[in-house]
Amino acid sequence: MDRLLTEIETRRAALVSCTQDLIQIPTLNPPGRRYRDICDWVGHRMGAQGWQVQMVRAEGAPGDSDRYPRWNVICRLEGSRPGECVHFNSHHDVVAVGHGWTKDPFGAEHSDGRVWGRGACDMKGGLATSIVAAEAFVALRPDFAGAIEISATADEESGGFGGVAYLAQKGFFDPARVQHVIIPEPLNKDRICLGHRGVWWAEIETNGRIAHGSMPFLGDCAVRHMGAVLDEMEATLFPLLAGKRTEMPVVPDGAKQSTLNINAIHGGEPVQDADYTGLPSACVPDRCTLTIDRRFLIEEDIADVKREVTQMMERIREKRPDFRYEIRDLFEVQPSMTSEDAPVVRTVEAAIREVMGKSAEFVVSPGTYDQKHIDRIGRLKNCIAYGPGILDLAHQPDEWIGVDDMMDAGKVMALTLAKLLT
Ligand SMILES: [Zn+2]
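Residues numbered from 1 in each chain as written. Predicted model: local features only at pLDDT ≥ 70, side-chain atom pairs only at ≥ 80, totals over all residues.

1. Overview of the overall build of the chain
Across its full length, the chain holds 10 helices and 16 strands. Taking 22 Å as the expected radius of gyration for a compact globule of 422 residues, we find that the chain reaches 24 Å, a close match to that expectation. Counting only C-alpha atoms and orienting by the principal axes, one finds that the chain spans roughly 80 × 45 × 40 Å. Once local pairs closer than 6 in sequence are excluded, the contacts in the chain between residues at least 24 apart make up 81%. (Helix = DSSP H or I, 4+ residues; strand = E, 2+ residues; numbered from the N terminus. Rg over C-alpha atoms; globule rule 2.2 N^0.38 Å. Contact = placed C-beta atoms within 7 Å.)

Right under this line is the structure:
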């Protein structure tokens, strides 16, 4: 085992340059730029070392087009004997740059023991770490049992439908083919993320009747109806959600309860283009929409989550004349949580203890990531997120990944391979 850790130590420069090369391909999502380039980069590197490389385009998936094709790459190396397969899955897309940077977002500067850039922490540093850890392991143990897979997949930042969901539908995460999945998302190097809360996105619409704004009594204002919805939310729904606590080890602490975000509200006349110089026209709004983002706990049932909102709307209808509404489902994801006794959890836990001399912290993510597709579509339960990087830096300006953190996480990954593939 010590030789394996030393082997990782010798690859520090390789790990830094691998991270830099990945950051320098600006795989912005939306719209989904340079996906083929980053898949080619990973495919060439692994193919040159004898790995089988498969390029898979998620044709017909949301966002896929000839201009922005949704490319994924899956690399696989067979061992010398039968055994289990360990799969490292990283998304290769990054979110918009945003404002406030002091570094070049795609320059991949290496300074102060960090590599800087959009996607450094979320999650090209994690992808690079899994690549280098696997390379070190294979160099030292070419006679390993089973197989190793490394994938770089599209669109995690926009739901994963052109990435892991598509691959899961095609059988890439069939438990007969893959037995252990590690997603190197930036959850901190001493934490094992067991899963995530559930999500329900919906749009609530209130309806009224349009009329001249000088005689609002002739119409029916949909925005005032929505005001009643907001009042009722404050009075009953938010207190109800605050009272629901989970046994899941969600971090940060505020996410240990059910939450609801009002994502958007639109009512009345549409906002005009910036170059419009006229005044608004006088109308009573006949339509108002509210988008809600409800995050729920493993103890909750999605049917109850939806019923709470319907019941709230019905309470308003009973006391408010002419109150009409609709609720439309936009998106939903069930909560996912791998057991602490699952083999991949126990193995990574033991590796963290060996490398860092402390026990791992088990956490659950407030938001979802690609584990949902591996669990729900792939039917593979032995899956965790484990990777270097500080979660809070994801999607921020001046995003960075610490080289020491990548080295430590790389040791944990290599040790995990050594334990599972003997
Ligand atoms: Zn991510």
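The rest of the description comes next.
2. Describing unusual backbone geometry
A cis amide bond links Asp 122 with the next residue in sequence, Met 123, at an omega value of -5°. Among the structural elements, Met 123 can be located in helix H4 (residues 120–140). Looking along the chain, the bond that leaves Val 251 and enters Pro 252 is cis, with omega of -5°. Along the polypeptide, Pro 252 turns up in the loop between helix H6 (222–242) and strand E10 (259–267). Although it is not a glycine, Asp 155 adopts a positive phi angle of roughly 70°. With respect to the helices and strands, Asp 155 occurs in the loop between strand E6 (145–153) and helix H5 (164–169). The buried category is assigned to Asp 155, around which 28 C-beta atoms lie within 10 Å. Located in the positive-phi region is Asp 322, a residue other than glycine, with phi close to 60°. (Buried ≥ 20, exposed ≤ 12 C-beta atoms within 10 Å, placed from the backbone.)

3. What about the nonpolar core?
Core analysis: the largest hydrophobic core is formed by 95 residues, its most contacted members being Val 115, Cys 193, Val 348, Ile 384 and Leu 417. With residues near it in sequence (within four places) discarded, Val 115 still touches Val 16, Thr 19, Gln 20, Ile 23, Ala 108, His 110, Ala 120, Gly 125, Trp 400, Ile 401 and Val 403. Residues Ile 204, Ala 222, Met 226 and Leu 237 belong to the second largest nonpolar core, which totals 12 residues. (Core = buried A, V, L, I, M, F, W, Y, C linked by C-beta atoms within 7 Å.)

4. Side note on the domain arrangement of the chain
The domain boundaries assigned to the chain delineate domain 1 (2–196 + 335–420) and domain 2 (198–271 + 279–333). Distance between the C-alpha centres of domain 1 and domain 2: 37 Å. No other element matches the 3 residues that strand E14 (residues 361–365) contributes to the side of domain 1 that touches domain 2. Here the side of domain 1 that touches domain 2 is composed, by residue class, of 6 nonpolar, 1 polar and 1 charged. (Domains from an automatic or database assignment. Nonpolar A, V, L, I, M, F, W, Y, C, P; charged D, E, K, R; others polar.)

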